[in-house]
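# Secondary and tertiary structure notes
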Amino acid sequence: MKQRLARYLPMLAWARHYDRAAATKDSLAALIVTLMLIPQSLAYAMLAGLPPVTGLYASMLPLIAYTLFGTSRTLAVGPVAVVSLMTAAALGPLFAPGSAEYAAAAMLLALLSGAVLLLMAALRLGFLANFLSHPVISGFISASGILIALGQLKHILGISIDGENAVQLLAALLTALPGAHLPTLAIGGNTLLFLYLVRSRLSTWLQHLGMNAHIAGTLTKIGPVAALLLAIAAVSAFGLADAGVRVVGEVPRGLPSLSLPMLEPALILQLLPAAVLISLVGFVESVSVAQTLAAKRRERIEPNQELVALGGANVAAALSGGFPVTGGFARSVVNFDAGAQTPLAGVLTALGIGITVLLFTPLFHNLPHAVLAATIIVAVLSLVDLSALRRTWRYSRQDAAAMAATMLGVLLIGVESGILLGVGLSLLLFLWRTSQPHIAVVGQLPGSEHFRNVERFAVVQSPRVLSVRVDESLYFPNARFLEDRIAELIGRHPQAEHLVLMCPGVNLIDASALESLEAITARLHAAGIQLHLSEVKGPVMDRLRHSDFLSHFGGQVFISQYEALLALDPDTTFHALERPRERFASIKENAG
């Protein structure tokens, strides 16, 4: 009973051994992450088209839910840039950003995302995230970072523009640029410079002054808080709000009330596709970060339980007036580096955010939008990795094509269309690639039981036995290709009496491929050649035994290719213990 309960509540595994030392480390990590999360939460809420306080709401209950159900000890859950952008892309065409209807729809979107994740967990569908390949995710995140940065430049410049893609945003920026508001530009530009220097140079400078590397790194992480406080002080001291600098304004004080979003069937149907995409992208990003950090401590992440944890976090966000959340890369790394030992650091972070909402929200009244925009820009540009496209192109042009298509789709069409384009192209390229599997004629390496491609190695071939290796699973896209390739090879080897299909790379033979094997058997029989199989994997063999193919194809299934050649043509089989030079001499004499 305890084991079953611990399976669904992973916190029971670490709570039993929780001590003062772990509590101290968790508290320090929570303090640092809280200081980092406050400006990020405000900024990402603005990016999502919501009032800034919504970001704080989304940074409390979701963290507690993840603590109960999550398997990562250092993953920091909350609002993130990419999911915030996807939220704005889904809701922007339906409602006016910042309106009550928009906020209600954001809560419903979080609820739907949570429901999708929980359904995936119940059906153990975590594998569906594998359809989002790394090149597609990398291209999507890089393009989203560029799109987010372009969209936030209007706040840096103090202008009003609209646009759904990069082309529209650039055109609108160029048109409105002469009307830039200079005080806003001064605040935004200086904040960008300050945050860039803090991120890239501050730690090095402090260490040169003799400061401990760990302390220097910690001070670097809370740079956005310093920028926020300095900007508030400047606006308050010089009355910049009266000079036209846009500020956050009144931020409600107090904890959010718990309520269920309005369940309108028509709106649910409209938001469901976006909720599915947000769930998949958020799950992939979160699990990738969690597994990377867990590997450093030799801990284990359970993906299907992570679906439960992230689903619970999004349901909690929906009930507490938030919007979709997931595990954040930067915050999780900071949490890890700060020494967090358990997910309880997330609860302590939520407590810190709760205290902020109860006591300190009046401080945010004079917080300029330009500062939040600068925070977003600096954060997302670190996610942009255009060099990945060049590296991927050198290794795999098909994957690079999928990455480029995703990036162009996001930049020129839109967020949802871009990722769907990338996924669709990835699947098409996969089908195309596997529809023409690598099929090689192999021969025996002298003095061994190994068989290798005759075009790459000096091998010995039997004139009576044609050995053919298939390096791909056999299924409907490549079944006909296999038939054609076997027919071509038989035409090139007129002396062959046996054909052994070597299957070490075959993990599946579906019904279409089975029919092709039957057709190949019939054609080979007509030509006086017998088909055999070798090195068939256990699961594939189990499926073949459920068919009548093995009973009527007439050949044998050999454990290894060496055993096949030893049984079918022992005279020319190269025994493993023979000396290669002597054997080659014998072959030459017999041939002469």
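Residues numbered from 1 in each chain as written. Predicted model: local features only at pLDDT ≥ 70, side-chain atom pairs only at ≥ 80, totals over all residues. Heavy atoms only, no water.

This next bit is on the overall build of the protein. Scanning the protein from N- to C-terminus turns up 26 helices and 8 strands. For the protein, the spread of C-alpha atoms along the three principal axes comes to 100 × 60 × 60 Å. Of all 592 residues assigned to the protein, the portion counted as buried reaches 52%. Within the protein, contacts between residues separated by at least 24 positions form 78% of all contacts whose residues are at least 6 apart in sequence. Just so you have it, the protein exposes about 27700 Å², and 62% of that area is on carbon and sulfur atoms. For the protein, the distance from the average site of its 39 positive side-chain charges to the average site of its 36 negative ones is 9 Å. (Helix = DSSP H or I, 4+ residues; strand = E, 2+ residues; numbered from the N terminus. Buried < 20%, exposed > 50% of the residue type's maximum accessible area, 1.4 Å probe, protein only. Contact = heavy atoms within 4.5 Å. Areas by Shrake-Rupley, 256 points an atom, 1.4 Å probe, with all protein chains shown as cover. Lys, Arg positive; Asp, Glu negative; His and termini not counted. Charge placed at Lys NZ, Arg CZ, Asp CG, Glu CD.)

Let us now look at the pattern of salt bridges. By the definition in use, this model includes 10 salt bridges. The salt bridge partner of D542 is R545, with a shortest N-O separation of 3.4 Å. On the criterion of helical spacing, the pair formed by D542 and R545 is a turn pair, its members being 3 residues apart in helix α23 (residues 538-545). Residue R545 is classed as exposed on the basis of its relative accessible area of 56%. Each member of the salt-bridge network shares a partner with another, and the members are R464, E497 and D569. (Salt bridge = Lys/Arg side-chain N within 4 Å of Asp/Glu carboxyl O.)

Attention shifts here to the side chain of N335. Mapped onto the fold, N335 is located in helix α15 (residues 329-337). On the basis of relative accessibility, which here comes to 5%, the residue N335 falls in the buried class. If we skip the residues at most four places from it in the chain, N335 touches A29, V33, T74, A340 and A345.

Turning our eyes to something else, we now look at the pairing of strand β7 (residues 530-534). Within β7, 5 of the 5 residues are buried, which leaves it mostly tucked inside the rest of the structure. Across 5 bridges, the pairing between strand β6 (residues 498-502) and β7 is parallel. For M502, the partnering residue across the bridge sits in β7 and is S534. Note that the unit made of β6, helix α22 (residues 511-526) and β7 has a crossover that is right-handed. As defined by bridge partners, β7 adjoins strand β8 (residues 557-558) across 2 bridges and the pair is classed as parallel. In the strand pairing of β8, S534 is matched with F558. (Pairing = 2+ DSSP bridges. Right-handed = clockwise from strand over helix to strand, strands pointing away.)

Moving on, we get to the sheet that holds β6. One open sheet accounts for 6 strands, arranged β4-β3-β5-β6-β7-β8; its pairing is mixed. With one partner strand each, in any of the chains shown, β4 (451-453) and β8 form the two edges of the open sheet. The pairing of strand β3 (residues 439-444) with strand β5 (residues 465-470) spans 3 bridges and is classified as antiparallel. Within β5, the position partnered with A440 by the bridge is R469.

Running from N to C, helix α3 (residues 20-47) and helix α12 (residues 223-238) cross one another at 60°; their axes reach a closest spacing of 7 Å. Of the possible angle classes, the one that applies to α3 and α12 is oblique. The two elements α3 and α12 cross, and the hand of that crossing is left-handed. Where α3 approaches α12, its residues L35, M36, P39 and L42 are matched on the opposing element by P224, V225 and L228. (Axes fitted to C-alpha atoms, helices over the stretch in contact; angles between N-to-C directions. Parallel < 35°, antiparallel > 145°, perpendicular 65-115°, else oblique. Left-handed = near helix turned anticlockwise from the far one by under 90°.)

Before going further, it helps to examine the side chain of S467. Locating S467 in the fold gives a position in strand β5. Exposure remark for S467: the relative accessible area of 3% places this residue in the buried category. A polar contact is formed between the side chain of S467 and the side chain of Q561, at a distance of 2.7 Å. Non-local contacts of S467, meaning those with residues more than four positions away in its chain, are made with A440, V441, V442, V500 and Q561. (Polar contact = N/O pair within 3.5 Å; in protein donor to acceptor, adjacent residues only side chain to side chain.)

Domain annotation for the protein reports domain 1 (21-429) and domain 2 (439-578). The C-alpha centroid of domain 2 is placed 53 Å from the C-alpha centroid of domain 1. (Domains from an automatic or database assignment.)

Here we take up the environment of R300. By secondary structure assignment, the location of R300 is in the loop between α13 (265-296) and α14 (303-319). Spatially, the C-alpha atom of R300 lies 33 Å from that of I355, the residues being 55 residues apart in sequence. Separated by 3.2 Å, the side chains of R300 and E302 make a polar contact.

Residues Q561, Y562, A564, L565 and L568 constitute the buried set of helix α25 (residues 561-568). Seen along its axis, α25 keeps its buried residues to an arc of 160°; they face one direction. Its buried side turned inward, α25 meets β3, β4, β5, β6, β7 and β8. (Arc of directions from axis to C-beta.)

On to the UniProt feature "domain: STAS" (unreviewed entry) in the protein, then. UniProt records the feature "domain: STAS" (unreviewed entry) at residues 455-568, using the numbering of this structure. Taken as a whole, residues 455-568 contains 44% helix and 16% strand, while its terminal C-alpha atoms sit 23 Å from one another. (UniProt positions renumbered as here; feature names shortened; annotations may be inferred.)

A word on the packing of aromatic side chains. Inspection of every chain in the model, using the stated rule, returns 2 aromatic pairs. Seen from their ring centres, Y475 and F476 are 5.4 Å apart, and the 75° between their planes marks the pair as edge-to-face. Looking at F476, the relative accessible area reads 56%, which means it is exposed. Ring geometry for F549 versus F553: centroids 4.8 Å apart, planes at 25°, classification stacked. (Phe/Tyr/Trp six-rings, centres within 6.5 Å; stacked < 30°, edge-to-face > 60°.)

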